[in-house]
Every structure is written in C-alpha cells, then in structure tokens.
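# Summary of the model geometry
If you want the building blocks of each chain, they are given just below.
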Amino acid sequence: MPFILSQFIEACRWLGALVVLAVHTNNLFVNLSDIMNAPHAPLVYAWWFYSAFELGHQAVLAFFVMSGYLVGGAVLAQMRKNQNFLREYFIHRVSRIYLVVGPAVALTLVLDSLGGWLFASSGVYQWPLFKGHFSPLLFFASFINLQGIAFDYFGTNGPLWSLACEFWYYVTFPLLLLPFARNYPLALRFFGFALGAALLLALSTPPSWFKFGYILWAGGAFATLITRPIIRSRWLALLLYAVVVAIIRLVVRGHLLEAHPWLGDVADLLASGLFIIVLIAFRYGPSEGFALLRPKFHKTLADFSFSLYSIHMPILIFARAAVGGTLGNDWATQLATPQNFAVAFSVMGIAIVSSYFFSRVTEAKTGAARRRLRALLDKWAPVRAAPSQQPVPAQQAVPAQPPRQRIEV
C-alpha cells in the first residue's frame with residue numbers, strides 16, 4: 001500500500017472514531033434544541049454541525065468502506081496470486097475482532113452493573129432504549145457477534161452492531177469467492193461457497209443493516225481492482241466528498257427523510273462511492289504532499305481507535321448516570337450551558353484515555369495473539385513446509401519501491 005494512502009487511512013480511522021464519540025456525547029450531555037432560534041457563539045455552531053448524527057453515520061460508512069478495502073482487498077490480492085490464504089486469513093480476522101470485542105462485552109457488563117447499582121436513582125439504565133438488553137442471552141449473542149443482526153445489542157453498548165456485521169463480512173466474503181481460488185481442491189472450493197451462501201442467507205433473513213452494509217463493504221473490496229484514479233486530483237476528490245457529506249448533513253434529515261426514506265440509502269451510496277474515489281486518488285496519486293498527514297500522532301491515535309469505538313458507549317452511559325445521580329436527572333437535559341460543555345468534553349477525555357489503556361491489553365497484543373493461535377493450530381493441523389526458493393541473482397534484484405506502510409487490520 002502506498003505510504004500516503006496508509007497515512008490517510010490512519011487519519012480517517014481516528015477522526016471517524018472521534019466523530020462517533022462526539023455524536024454520542026452530545027446526545028447525552030448537550031441540549032442544543034434552541035440552535036435555530038437563539039444566538040450562539042461560533043464554536044457552538046461548529047459543535048452543532050460536527051456532533052450531528054448524520055456525520056457520525058457517515059463516519060461509520062467510511063469505516064465499512066475502509067474495512068472492505070483493506071480486508072476484502074487483501075482477499076482478492078491473495079486469490080490473484082493463487083496462494084493458500086484461508087488459514088492465515090482467519091487467524092488474522094478472528095484474533096483482530098475477538099481480542100477487542102470479547103473484553104469490550106465483558107467491560108460493558110461490569111460498567112452497566114456498577115452504574116446501575118451506584119446510580120440507580122438516575123434511572124438511566126431503565127431508559128426504554130435499554131429495556132430487555134441486560135439478559136444472559138444477549139451477552140452470549142454478543143460474544144458470537146450476532147448483536148444487531150439476529151439479536152439486540154447487550155447492555156448499553158449499541159455501537160457493537162457494526163462490528164458484528166464486519167465480522168461476518170470477514171467470514172463470508174472469502175467463502176463466497178472460493179470457487180475462483182484454483183489452488184484449492186474443487187470439493188473444498190464448492191463446499192466453502194455453499195457454507196458462505198448459507199451463512200449469508202441466514203444472516204440476511206432478520207431485518208437489519210447487514211445486507212446494505214455488505215454492499216458498501218464489498219464496494220471497498222472490489223475498489224482495489226480499479227487500476228487508475230477516477231479523479232486524479234486528491235484535493236478535488238476530497239473537496240467533492242466533503243461538500244457532498246456537508247449537504248447530506250444539512251439536507252437529508254428530519255421531515256425530508258421521513259417523507260422520502262429512500263433518500264437515506266441514496267445518500268449513503270453516494271457518500272460511500274465518493275469516499276472510494278478519494279481512496280483511489282490517494283492510491284494512484286503522487287507519493288508526496290499532504291504535510292498534515294505526516295505527523296506520527298495519526299498512527300498513535302489510529303492504533304487505539306478500534307478500542308475507542310468498542311467501549312466508549314458504556315463509559316458515556318456510566319458518566320451520564322453519575323451526573324444524573326449527583327446533579328439531578330434534569331441537569332444534562334437543560335439547555336446547554338458552559339458547564340454542560342465542560343462536563344461533555346471531560347467525559348470525552350475520560351473515554352479517550354480509558355480506551356488507550358484498554359487497547360494496551362487488547363489491540364496492542366494482536367500480534368502475540370496471532371502467534372499463539374498459529375502455534376495452537378500447528379499442534380492440531382501442522383502446515384506442510386513450502387518448497388524453498390532460490391535466491392534472486394544480483395543482476396535480477398528487484399528495484400527499490402516507494403515507501404510503504406503496513407496498517408494493522
């Protein structure tokens with residue numbers, strides 16, 4: 001992957017997670033219902049625009065596209081090389097998801113139980129939004145990544161629905177394409193396809209966002225097959241994407257969306273398509289430029305963005321219950337004051353710092369988890385050693401390549 005594209009994806013990962021965090025924080029601690037009929041400071045208007053549901057939704061769409069581009073694109077690349085890739089692929093996917101989702105579900109149980117006990121008077125954990133969400137069945141369903149597809153999410157951790165969708169995209173995508181992997185035996189190829197088709201049918205039957213999300217995810221995967229930029233200028237591609245997303249944020253909402261629900265799907269497809277165009281522009285554009293992407297903090301923040309997305313909601317709900325139990329249930333719903341913003345930003349800071357330390361024992365251990373899983377599988381099904389390769393003669397040495405960077409996915 002070109003270095004500048006990896007830098008761009010890293011920036012998008014942490015910025016997208018921050019938008020989602022801001023949206024949920026705003027919903028819980030900041031009431032701007034008078035934004036249209038009372039004067040506010042410029043920064044308040046900026047926050048109102050930034051922390052809207054529509055932008056958070058667009059951030060999630062971008063996650064789906066990037067995931068498809070990185071993970072699904074890698075599947076397509078391996079298939080074109082006629083290599084046996086399934087074993088290593090599933091080691092990477094299972095460890096990547098479960099090393100974070102498993103502890104996130106457990107942390108949700110701990111925080112929800114503790115918050116419900118300490119701040120019962122707030123009534124937060126009795127909100128209709130969470131009714132019936134604390135059952136052992138939903139806890140187990142979240143561990144097998146069926147939340148948001150066949151079951152409701154467990155406890156207060158609603159954002160985990162998107163990770164369930166992505167996990168099953170990871171599983172079904174290579175299986176559905178296995179008939180084209182000619183290096184595998186014919187029987188295995190069609191058995192894999194039948195299994196993938198059966199899983200896809202079963203997961204698509206319950207009403208959920210799974211099917212539509214698959215279109216966006218697969219779009220990101222097949223975008224890796226595009227061999228030239230659709231829009232050559234990265235600045236123009238970015239500007240077009242930003243303008244369209246801003247229009248969607250301001251227009252495709254409220255009464256218009258209620259009257260024409262199909263506009264939401266059209267907007268999602270349009271925004272996702274334009275984001276793919278941006279990715280392709282960065283892939284095939286110049287290797288230099290965009291000084292804003294060079295600082296190392298992009299990678300530092302991207303490295304725990306998965307954790308931030310996975311655990312921020314139970315942290316926010318716990319904080320909301322604490323505020324309701326100490327300052328009163330009406331404090332967080334009053335028209336926003338400087339104190340509301342101060343609490344909101346403080347809670348966001350707590351969520352970010354907590355996610356960083358959470359990632360140190362989860363995401364940061366992904367490489368070690370993969371090695372252990374690989375060693376465990378080697379005990380049960382040792383991999384036949386590949387034939388040794390002859391060294392490349394000096395006169396045939398591969399020329400130097402542009403700098404590249406590996407993104408952990």
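Here is a short report on the structure shown in this document. If you're wondering where the values come from, they're calculated on a predicted model, not measured in any experiment. (Residues numbered from 1 in each chain as written. Predicted model: local features only at pLDDT ≥ 70, side-chain atom pairs only at ≥ 80, totals over all residues. Heavy atoms only, no water.)

Going through the model one piece at a time under the given rule, you end up with four salt bridges. Linking Arg96 and Glu363 is a salt bridge whose minimum nitrogen-to-oxygen distance equals 3.3 Å. Of this pair, Arg96 sits in helix H4 (residues 86-118) while Glu363 is found in the loop between helix H14 (338-360) and helix H15 (366-380), placing the two residues 267 residues apart along the sequence. Here the two residues Arg96 and Glu363 agree in accessibility, since each one is buried. One salt bridge in this structure joins Lys299 and Asp303, with 3.0 Å as the shortest N-O distance. (Salt bridge = Lys/Arg side-chain N within 4 Å of Asp/Glu carboxyl O. Helix = DSSP H or I, 4+ residues; strand = E, 2+ residues; numbered from the N terminus. Buried < 20%, exposed > 50% of the residue type's maximum accessible area, 1.4 Å probe, protein only.)

Moving on, we come to a positive patch on the surface. Together, Arg360, Lys365, Arg371 and Arg372 make up a positively charged patch on the protein surface. Take Arg360: it is sitting in helix H14. (Patch = residues over 30% accessible without salt bridge, like charges linked within 9 Å, V, L, I, M, F, W, Y side chains within 5 Å. Areas by Shrake-Rupley, 256 points an atom, 1.4 Å probe, with all protein chains shown as cover. Lys, Arg positive; Asp, Glu negative; His and termini not counted. Charge placed at Lys NZ, Arg CZ, Asp CG, Glu CD.)

Inspection of the secondary structure assignment puts Asn157 in the loop between helix H5 (136-143) and helix H6 (160-177). Looking at Asn157, its side chain comes within polar contact range of the main-chain oxygen of Ser310, at 2.8 Å. Contacts of Asn157, omitting those with residues within four sequence positions, involve Ala104, Thr108, Ser310, Ile311, Met313 and Pro314. (Polar contact = N/O pair within 3.5 Å; in protein donor to acceptor, adjacent residues only side chain to side chain. Contact = heavy atoms within 4.5 Å.)

Throughout the structure, instances matching the rule amount to 33 aromatic pairs. Arranged with centres 5.0 Å apart and planes meeting at 70 degrees, the rings of Phe139 and Phe143 form a pair that is edge-to-face. With Phe139 and Phe143 both in helix H5 and four residues apart, this pair spans about one turn of that helix. Taking the relative accessible area as the measure of exposure, Phe143 reaches 28% and is therefore partly exposed. Between the aromatic rings of Phe167 and Trp168, the centroid separation amounts to 5.0 Å while the plane-to-plane angle is 80 degrees, which identifies the pairing as edge-to-face. By way of ring pairs, the aromatic residues Phe64, Trp161, Tyr169, Tyr170, Phe173, Trp209, Phe210, Phe212, Tyr214, Trp217 and Phe222 are connected into one cluster. Seen from the ring of Phe282, Arg234 lies directly overhead, with NZ or CZ sitting 5.6 Å from the centre. Over the ring of Trp48 we find Arg249; its NZ or CZ atom is 4.3 Å from the centre of that ring. (Phe/Tyr/Trp six-rings, centres within 6.5 Å; stacked < 30°, edge-to-face > 60°. Lys NZ or Arg CZ within 6 Å of the ring centre and 35° of its normal.)

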